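# Examining the three-dimensional arrangement
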Amino acid sequence: MLTSTASRNQLYIREFSLTYKRIGVYVWIGLAAIGLMLTAQKILRERSNWFLIKNNINLWFAILAVSSLLNWDLLITRYNLKYQPA
């Protein structure tokens, strides 16, 4: 599911340019992938539900903090100018 969504999102970016929502899709894919890994770790190591909740919340806040450091407008504009659709 994650690879299918990522490949379709990349097709949309190539055809119709980069937008905030398409970046959001990649953030969602990353969070979902890490969430699946944490769930597997919880099952294999017999961790508690609190382990899963705590780590997912910490991950969400870390990504929110890191993403606030980026100038998304500049990144999107430069990408779209460099890779203009035909």
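In the block above lies the structure referred to throughout.
Cut-offs and rules
- Residues numbered from 1 in each chain as written.
- Predicted model: local features only at pLDDT ≥ 70, side-chain atom pairs only at ≥ 80, totals over all residues.
- Heavy atoms only, no water.
- Helix = DSSP H or I, 4+ residues; strand = E, 2+ residues; numbered from the N terminus.
- Rg over C-alpha atoms; globule rule 2.2 N^0.38 Å.
- Contact = heavy atoms within 4.5 Å.
- Areas by Shrake-Rupley, 256 points an atom, 1.4 Å probe, with all protein chains shown as cover.
- Patch = residues over 30% accessible without salt bridge, like charges linked within 9 Å, V, L, I, M, F, W, Y side chains within 5 Å.
- Salt bridge = Lys/Arg side-chain N within 4 Å of Asp/Glu carboxyl O.
- Phe/Tyr/Trp six-rings, centres within 6.5 Å; stacked < 30°, edge-to-face > 60°.
- Buried < 20%, exposed > 50% of the residue type's maximum accessible area, 1.4 Å probe, protein only.
- Polar contact = N/O pair within 3.5 Å; in protein donor to acceptor, adjacent residues only side chain to side chain.

Moving on, we get to the overall build of the protein chain. Regarding its fold elements, the protein chain presents 4 helices and 0 strands. Counting from the amino terminus, helix and strand elements in the protein chain follow one another as α-α-α-α. By the compact-globule yardstick of 12 Å for 86 residues, the protein chain is too spread out, its C-alpha radius of gyration being 16 Å. Projecting the C-alpha coordinates of the protein chain onto the three principal axes gives extents of approximately 50 × 30 × 15 Å. Restricting to contacts in the protein chain with at least 6 residues of sequence separation, those with at least 24 account for 54%. Working note: accessible area of the protein chain is about 6700 Å², and carbon and sulfur atoms make up 66% of it.

A separate point is a nonpolar patch on the surface. The grouping of W50, I53, I57, W60, F61 and L64 at the surface amounts to a nonpolar patch, some 660 Å² of accessible area in total. Take F61: it is sitting in helix α3 (residues 49-67).

Attention now moves to the packing of aromatic side chains. Remark: the centre distance and the inter-plane angle together describe each pair of aromatic rings, the angle taken between the planes. Tallied over the full model, the rule gives 2 aromatic pairs. An angle of 45 degrees between the planes, with centres 4.8 Å apart, marks the rings of Y79 and Y83 as tilted. Taking the relative accessible area as the measure of exposure, Y79 reaches 26% and is therefore partly exposed.

One can find R22 in helix α2 (residues 20-44). Distance from R22 to L44, taken between C-alpha atoms, is 33 Å for residues 22 residues apart in sequence. If near-sequence neighbours (up to four positions away) are discounted, R22 is found in contact with N9, Y12, I13, F16 and S17. Within the local environment of R22, its side chain forms a polar contact with the backbone oxygen of S17, the two atoms lying 2.6 Å apart.

Turning our attention to the environment of L75. Within the secondary structure, L75 is located in helix α4 (residues 72-82). Overall, L75 belongs to the partly exposed group, its relative accessible area being 39%. Distance from L75 to L18, taken between C-alpha atoms, is 9.3 Å for residues 57 residues apart in sequence. Sequence-distant contacts of L75, defined by excluding residues within four places in its chain, comprise L18 and I23.

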